[in-house]
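Chains, contacts and geometry: an overview
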Amino acid sequence: MRILVVDDERRLAEGVRRGLEAEGFAVDVAHDGVDGLWRARERAYDAIALDLMMPGMSGWKVCAALRAEGNWTPVLMLTAKDGEWDQLEAFESGADDYVTKPFSFAVLVARLRALIRRGGVERPVVLEAGDLRVDPGAHRVWRGDAEVPLTAREFAVLEQLVRRRGDVVSKRELIESVWDDDFEGDPNIVEVYVGHLRRKVDRPFGRSAIETIRGVGYRLASDGG
């Protein structure tokens, strides 16, 4: 089994390489995102251990580029951060799992083996509602031929609405899906993000796909409005 390790911390990368080789893996190492992306494109790997924060090209950009190209090699993100946004960023770029530095080498190996057993899992197909298209794997949205840039939260809200197009989705369901069960902020935050989406994916295109069902929630028209 061949692993690609991409990390700009050379001592850490070398230590991981030696440890993985002792476990029977063949290991290639890159010390920046650009070289890591090139290696991932040029050779088939069973898994990639990818640092999140690197100069030149970050790990999430490397991962997003691979997913956009249809490369579904399992990616384990290595991050020195443990915040919710960093985890969200890793998963939304297409990563399969992550570990926080400093990490246990035994846990790193176990998670890599688990990803390899599962294999490269192709991401969901593009979701469509009329000419509105949402690609969960590449994290991209289009109206017709025009790509619409969205923030991570905006994308997450829109994805939920498109997945359940034609059905009413309550504020509580959106909060539980996009934020978390323990969210204690103002539930009207959902209205704020729906407003952002209307200004980005509806009004510029003369559409009104996202409907407010007063006292219940929101519904995206099945035909994209």
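Owing to the predicted nature of the structure, the values given are computational and were not obtained by experimental measurement. Going along each chain's sequence as written, the residues are numbered from 1 onward. For this predicted model, a pLDDT threshold of at least 70 governs which residues receive local features, and a threshold of 80 or more governs which side-chain atom pairs are given and counted, while totals over whole chains, interfaces and linings are taken from all residues. Hydrogens are left out, water is left out, and the side-chain values use all remaining heavy atoms of the structure.

Remarks on the sheet that holds strand 6 (residues 127–129)
Selection rule: Strands were regarded as paired on the criterion that DSSP finds at least two bridges between them. Here a strand is any run of E in DSSP of at least two residues, a helix any run of H or I of at least four, and the numbering for each starts at the N terminus. Residue contacts are defined here by distance: any two heavy atoms, one from each residue, within 4.5 Å place the two residues in contact. Whenever a helix is involved, its axis is fitted only over the stretch in contact; in every case the axis is a line through C-alpha atoms, and angles between N-to-C directions fall within 0 to 180 degrees.
The four strands lie next to each other as 6-7-8-9, forming an open sheet whose pairing is antiparallel. Taken across any chain shown, the strands that pair with only one partner, and hence form the sheet edges, are strand 6 and strand 9 (146–147). Relative to strand 9, strand 8 (residues 140–143) runs antiparallel, the two sharing two bridges. For Trp142, the partnering residue across the bridge sits in strand 9 and is Glu147. Sitting on the sheet, helix 6 (residues 152–163) touches strand 6, strand 7 (132–135) and strand 8, and the angle it makes with strand 7 is about 115°.

Digging into the pairing of strand 8
Examined bridge by bridge, strand 7 and strand 8 share four bridges and lie antiparallel to one another. Within the sheet, the bridge partner assigned to Leu132 lies in strand 8 and is Arg143. Between the end of strand 7 and the start of strand 8, which pair antiparallel, lie four residues, with His139 showing a positive phi angle near 60°. The hairpin formed by strand 8 and strand 9 contains two residues between the paired strands, and Gly144 there has a positive phi angle of roughly 60°.

Digging into the UniProt feature "modified residue: 4-aspartylphosphate" (unreviewed entry) in the protein
To keep things clear, this is the line we draw: UniProt positions are given in the numbering used here, feature names are shortened, and annotations may be inferred rather than shown by experiment. Categorising residues by exposure relies on relative accessible area from a 1.4 Å probe, with only protein chains included: less than 20% of the type maximum marks a residue as buried, more than 50% marks it as exposed, and the intermediate range marks it as partly exposed.
Residues annotated by UniProt as "modified residue: 4-aspartylphosphate" (unreviewed entry) correspond here to Asp51. Along the chain, Asp51 turns up in strand 3 (residues 47–51). By relative accessible area, which is 3% here, Asp51 ends up buried. When near neighbours in sequence (up to four residues on either side) are disregarded, Asp51 contacts Val6, Asp7, Asp8, Gly59, Met77, Leu78 and Lys101.

Considering helix 7 (residues 171–178)
The periodicity of an α-helix, 3.6 residues per turn, causes residues three or four places apart in sequence to face the same way. In plain terms, the rule: Of all possible arcs, the one meant is that of the directions from the helix axis to the C-beta atoms.
Residues of helix 7 that are buried include every one of Leu174, Ile175 and Val178, and no others. The arc that holds the buried residues of helix 7, viewed along the axis, is 100°, so those residues lie on one side. On its buried face, helix 7 is in contact with helix 6, strand 10 (168–170), helix 8 (189–202) and strand 12 (217–220).

A word on the side chain of Arg67
Going by this rule: Nitrogen and oxygen atoms within 3.5 Å of one another constitute a polar contact, given that in protein one can donate a hydrogen and the other can accept it, and given that sequence-neighbouring residues count only through two side-chain atoms.
Looking at the secondary structure, you find Arg67 in helix 3 (residues 59–68). For Arg67, a relative accessible area of 3% gives the class buried. Polar contacts involving the side chain of Arg67 include one to the main-chain carbonyl oxygen of Thr73, which spans 2.9 Å.

Focus: the nonpolar core
How we decide: In this description, a nonpolar core means a group of buried Ala, Val, Leu, Ile, Met, Phe, Trp, Tyr and Cys residues linked to one another through side-chain atoms lying within 4.5 Å.
In terms of nonpolar packing, the biggest core is built from 27 residues, with Val141, Leu150, Val157, Leu158, Val201 and Leu220 touching the most fellow members. Within the residue set of this core, elements represented by two or more residues are strand 6, strand 7, helix 6, helix 7, helix 8 and strand 12. The biggest single contributor to this core is helix 6, with six residues. Those residues within four positions of Leu150 in sequence are excluded, and the remaining contacts are Val141, Phe155, Leu158, Leu197, Lys200 and Val201.

Regarding helix 1 (residues 10–22)
The cut-off we apply is this: Expected span of a helix: the number of residues minus one, times 1.5 Å.
Taking 1.5 Å of rise per residue, 13 residues should cover 18 Å, and helix 1 covers 18 Å from first to last C-alpha, within 8% of that figure. Residue Gly24 follows helix 1 closely and has a positive phi angle near 100°.

Details of the packing of helix 6 against helix 8
Here is the rule we go by: Here is the rule for angles: anything less than 35 degrees is roughly parallel, anything more than 145 is roughly antiparallel, 65 through 115 is roughly perpendicular, and the remaining ranges are oblique.
Relative to each other, helix 6 and helix 8 sit at 85°, their axes nearing to 10 Å. Taken as axis vectors, helix 6 and helix 8 run roughly perpendicular relative to one another. Contacts between helix 6 and helix 8 involve Arg153, Glu154, Val157 and Leu158 from the former and Tyr193, His196, Leu197, Lys200 and Val201 from the latter.

Some details on the side chain of Glu159
When you line up the elements, Glu159 lands in helix 6. Within polar-contact distance, the side chain of Glu159 engages the side chain of Arg163 at 2.9 Å. In this view, Glu159 contacts Leu127 and Pro136; residues no more than four positions away in its chain are not counted.

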